[in-house]
Amino acid sequence: MATDFKSIPLIDISPLLSKSDDSRMSEDPGVAEVVRQLDQACKVAGFFYVKGHGISDSLIKEVRTVSREFFGLSYEEKLKIKLTPARGYRGYQSVFEIITGGARDKQEAIDCYREITKGMYGDLGRTMEGCNMWPRDPANMKALMEEYVNLCTDISRKIMRGLALGLGGSPNEFDGERAGDPFWALRIIGYPGVSTTNGHATSENDIGCGAHTDYGLLSLINQDDDITALQIKTLSGEWISAPPIPGAFVCNIGDMLKIWSNGLYDSTVHRVVNNSPKFRVCVAYFFEPNYDAGVEPLDFCVKRTGGKKKFERAVYGEHLVNKVKNNFEM
Ligand SMILES: O=C(O)CCC(=O)C(=O)O
Ligand SMILES: [Fe+2]
């Protein structure tokens, strides 16, 4: 559970990344310090910034620039890659088509997921089967985003090793059947500014993304450098802003890590309100469990939390499908 934190810690993860393929990583003092900071951040806020992640500033910016170019296309052009259930809920949705917690969001977005071929997960996978939808223009968008996803997956896997150590497990706790083949998601999001309407009347304090927790394990948020719009809820109900730190990701933990850790780490509620006149771009990468992973409190986490499982077992793919089916107005 998030406490009454006042700011979000910034963590340099470079010592962790350089050692995370070493089976004796936990003995390294640099790794131990990163683990201590990650653990503290997850217990206090459920949110942290990371720097020293190795993705270049220029790639981070280009990902947003190309996204902005896409959102600048005509509505007709964007609709050519429209999200539909038949396409496995992959593709573009326009402003106010996306629903969080029952209310419409002032955002447009392209949703992508790890691709699932027909029959790969049987009935469990059917809803999400499909290929990602990329526009003809900008021509480099597909290749750029695929490169970006690979890099984010690699960093996330390594941060998860740090979190596994923080929880008191072995570094490889989330490899293999749990999240060795992560069902990652990428949401490329545009939030219209106040009165830049895209055909809709909009006003101040319109919610860009309603209050929610993320579904999976770890999210990496790449947000515009010049607009503060992401807000995080503290225990007493106060909203704290997560202003952009150029070159750094905002990271937060999701519902599945809450279950696996038996609540040692919680998924913190957050929302987005773009009260600037400018159009805000955010590219959010989500590192998730394997699609068919069964998620239940890990034994060593149960021991550390009084010996009782606080959460029921969930199957990640079921949890996701449940959420996705309620998120769109089709
Ligand atoms: O736009 C942002 O900063 C965050 C978006 C978000 O929380 C989400 O898509 O889950
Ligand atoms: Fe989120």
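As a reminder, the structure under discussion sits directly above these lines.
Each value, and the rule that gives it
- Residues numbered from 1 in each chain as written.
- Chains lettered and ligands numbered in written order.
- Predicted model: local features only at pLDDT ≥ 70, side-chain atom pairs only at ≥ 80, totals over all residues.
- Buried ≥ 20, exposed ≤ 12 C-beta atoms within 10 Å, placed from the backbone.
- Helix = DSSP H or I, 4+ residues; strand = E, 2+ residues; numbered from the N terminus.
- Pairing = 2+ DSSP bridges.
- Axes fitted to C-alpha atoms, helices over the stretch in contact; angles between N-to-C directions.
- Parallel < 35°, antiparallel > 145°, perpendicular 65-115°, else oblique.
- Left-handed = near helix turned anticlockwise from the far one by under 90°.
- Contact = placed C-beta atoms within 7 Å.
- Near = placed C-beta within 6 Å.

Help me understand the pairing of strand 7 (residues 185-191) in this model?
The element strand 7 is extensively covered by neighbouring structure, given that six of its seven residues are classed as buried. The sheet contact formed by strand 7 and strand 14 (residues 280-287) spans seven bridges and is antiparallel. Note that in strand 14 the partner of Gly190 across the bridge is Val281.

When you look at the packing of helix 3 (residues 57-71) against helix 6 (residues 141-167) in this model, what are you seeing that I'm missing?
A packed helix pair is summarised by two numbers, namely the angle formed by the two axes and the spacing between the axes. As a packed pair, helix 3 and helix 6 sit with axes 10 Å apart at the nearest point and diverge in direction by 140°. Classed by the angle they form, the pair helix 3 and helix 6 counts as oblique. In the packing of helix 3 onto helix 6, the handedness of the crossing is left-handed. When helix 3 is examined against helix 6, the residues Leu59, Glu62, Val63, Val66 and Phe70 are found in contact with a partner set consisting of Met141, Leu144 and Tyr148.

Is there a simple way to think about the site of ligand 1 in this case?
What surrounds ligand 1 is the set Arg187, Ile189, Cys209, Asp214, Ile221, Gln223, Leu230, His270, Val272, Cys282 and Ala284. Elements supplying a minimum of two residues to the shell around ligand 1: strand 7, strand 9 (218-223), strand 13 (270-272) and strand 14.

Got a minute to help me understand the sheet that holds strand 1 (residues 10-12) in this structure?
Whether parallel or antiparallel, the strands of a sheet pair through hydrogen bonds between backbone atoms. The strand order 1-2-12-9-14-7-6-3 describes an open sheet built from eight strands, whose pairing is mixed. Two strands lie at the open edges of the sheet, namely strand 1 and strand 3 (91-93), each paired on one side alone. Neighbour to neighbour, the strand axes of the sheet diverge by 25° on average, direction disregarded. Of the strand pairs in this sheet, strand 9 and strand 12 (residues 249-253) are connected by four bridges, and their pairing is antiparallel. Opposite Leu218, over in strand 12, you have Ile253 as the bridge partner. Sitting on the sheet, helix 2 (residues 29-44) touches strand 1, strand 2 (47-51) and strand 12, and the angle it makes with strand 1 is about 155°.

I'm lost on the sheet that holds strand 11 (residues 239-241) in this one. Help?
Sheet architecture is open: four strands sit in the order 8-13-10-11, paired in antiparallel fashion. Edge positions in the sheet fall to strand 8 (209-212) and strand 11, since each has one partner strand and no second. Across this sheet, the average inter-strand angle for adjacent strands is 25°, counted without regard to direction. Of the strand pairs in this sheet, strand 10 (residues 230-233) and strand 11 are connected by three bridges, and their pairing is antiparallel. Bridge pairing in strand 11 places Lys233 opposite Trp239.

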